[in-house]
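Breakdown of the fold
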Amino acid sequence: MVVCGTIRQVTRHGPAFMSIMTTRAMSTQVMTKDPCLFLRVSCNNCLLSPLSGQVRRLADSKEVNDNVEKLRRGESESVRNPEDLPHFRLPTIQSGTEVPAEEASKDVNSSGKKDMPPIGTYVLPHPIWTEEQVNEVKVTHKEPECLVDRLAYRTVRLFRGGFDLLSGFKFGTRNEKKWLNRICFLETVAGVPGMVAAMMRHMTSLRRLQRDQGWIHTLLEEAENERMHLLTALQLKEPSTFFRLCVIGAQGVFVTMFGISYVINAKFCHRFVGYLEEEAVKTYTKCLEDIDQPDGPMKHWQTQAAPDVAIRYWKMKPDSTMRDVILAIRADEAHHRIVNHSLASLRKDEFNPYKPGQ
Ligand SMILES: [Fe+2]
Ligand SMILES: [Fe+2]
């Protein structure tokens, strides 16, 4: 074990400094360009064996400040994909060609300025689908088995029917504007349950002074995944003031209701999300059917280029289309469906079977 200069500094300045340095170390970790360099530097400064696979290093403030300055200048090529770091699972299945970091750094943000890392640079590990996997997604339904299941299913059916009616989705032609409105609005809602559930379990762990059973990372991953669906669809839509107000109202109501429900009955909430995801798979399947109609108003998504954020996030081929994006989103929704039905069937003190990125 090596006791380095930085550690002596930490000891001198106490626990608060230790906390700051640990945070800095974690942020610097993703900024180190060369993994070998990362490991070499880590070994000089670490308290763990480099063979442990969980190496943390302590960065000095100059290094951190230099990296912050680089990011402010828009030099995001030094930000590594978290999945490439040694402590994350490397994806074994890839649907397409990985976008090199140099290519990603050429991207511009949504406002057209090269002043910050592109969207999707900082993401949690998440499943990467193969072409075969995205094409074999099916609309499925889990039969309710108990009163809680039936209540969850009825609630989802009621929400779906009400939303289809109020949003006018049931009437008229389903064109691009209608689809983008629906996708953007529903994804702002879909990102809520994972975050609320993760926060609830996190708080429970703190309050009861006991471990979580490994659920939190999966729930946070789901929340981020839904937010990436939203950010992808927003590349094609400029939200109106009315749309923004609807989103704020819906978020206020849904966060409150879902939070209260999670305290009362977490099983109901995960079953509710499981059924909500069943509906999401149906919706995106319908979207694909519309895209595949030879003379339909959505046929241009067969050839329209996928936004850069989607190519980066799902590691898609550079020539992917909007149809490919919808296929990837549908596969994500099918994944949330099985994850939430699984979590609903577990006791809340049972271990989560899904590892990070699975
Ligand atoms: Fe989604
Ligand atoms: Fe989902």
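The rules we used
- Residues numbered from 1 in each chain as written.
- Chains lettered and ligands numbered in written order.
- Predicted model: local features only at pLDDT ≥ 70, side-chain atom pairs only at ≥ 80, totals over all residues.
- UniProt positions renumbered as here; feature names shortened; annotations may be inferred.
- Helix = DSSP H or I, 4+ residues; strand = E, 2+ residues; numbered from the N terminus.
- Contact = placed C-beta atoms within 7 Å.
- Buried ≥ 20, exposed ≤ 12 C-beta atoms within 10 Å, placed from the backbone.

Looking at an unreviewed UniProt entry, one finds the chain named Alternative oxidase, with Elysia crispata as its source organism. Note on the chain: under the UniProt heading Cofactor (unreviewed entry), the record states "Fe cation". You can read under Function (unreviewed entry) in the UniProt record for the chain the words "Catalyzes cyanide-resistant oxygen consumption. May increase respiration when the cytochrome respiratory pathway is restricted, or in response to low temperatures."

Bringing the environment of D164 into the picture now. Looking at the element boundaries, D164 is found in helix α6 (residues 147–166). Separated by 18 residues in the primary sequence, D164 and R182 have C-alpha atoms spaced 9.3 Å apart. Apart from the residues lying within four places of it in its own chain, the contact partners of D164 are F169 and K170.

Its identity is not glycine, yet L209 carries a phi of approximately 55 degrees, on the positive side. Turning to its location among the elements, L209 is positioned in the loop between α7 (176–208) and α8 (216–233). Judged by C-beta crowding, with 6 C-beta atoms within 10 Å, L209 ranks as exposed. Although it is not a glycine, K315 adopts a positive phi angle of roughly 50 degrees. The topology assignment puts K315 in the loop between α11 (308–313) and α12 (322–345). Taking the number of C-beta atoms within 10 Å as the measure of exposure, K315 has 20 and is therefore buried.

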